[in-house]
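Residues per chain, in single letters:
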Amino acid sequence: AELSMHPIVNIWVAIALGMFVDLLATVLPLPASMQVRKSSAQAVAAMGELWHSLHCAVSSALDDEERRTRRHSMRFLTALQKTEDLSIEASLESRGHRLPWKTDLAA
């Protein structure tokens, strides 16, 4: 019975190829248009946009010179809906050792 080395060589080639691809991924990052951000990172960014639009709306409402205080309402509602949607999607991510994602924005 002759022992063939082909399966062992194939395994080593597959391991070397995988390591080479991992090395390329760290040396040559993907362009921004091809990168995929996790839902939780997108939800955090959306929360920042939500707070910014809330700040603009409140500043506008408290400004004595400003007459059009409702112009920020649609931007705020859009940001709120986007944040809620991304928060629900982020709750489906695997969190591992981290705390569970809060889906309720009021909590």
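Remember, predicted model here, so these are calculated numbers, not experimental data.

Mapped onto the fold, Val-36 is located in the loop between helix H1 (6-27) and helix H2 (39-62). Between the C-alpha atom of Val-36 and that of Phe-20, which follows or precedes it by 16 residues, the distance is 21 Å.

Further remarks concern the pattern of salt bridges. Summed over the entire model, instances satisfying the criterion amount to one salt bridge. Residues Glu-49 and Lys-82 are paired through a salt bridge, measuring 3.5 Å at the closest nitrogen-oxygen approach. A residue pair is termed long-range when its members are at least 10 positions apart, and Glu-49 in helix H2 and Lys-82 in helix H3 (residues 73-90) qualify at 33 residues. On the accessibility criterion, Glu-49 (42% relative accessible area) is partly exposed.

Cut-off values and rules
- Residues numbered from 1 in each chain as written.
- Predicted model: local features only at pLDDT ≥ 70, side-chain atom pairs only at ≥ 80, totals over all residues.
- Heavy atoms only, no water.
- Helix = DSSP H or I, 4+ residues; strand = E, 2+ residues; numbered from the N terminus.
- Salt bridge = Lys/Arg side-chain N within 4 Å of Asp/Glu carboxyl O.
- Buried < 20%, exposed > 50% of the residue type's maximum accessible area, 1.4 Å probe, protein only.

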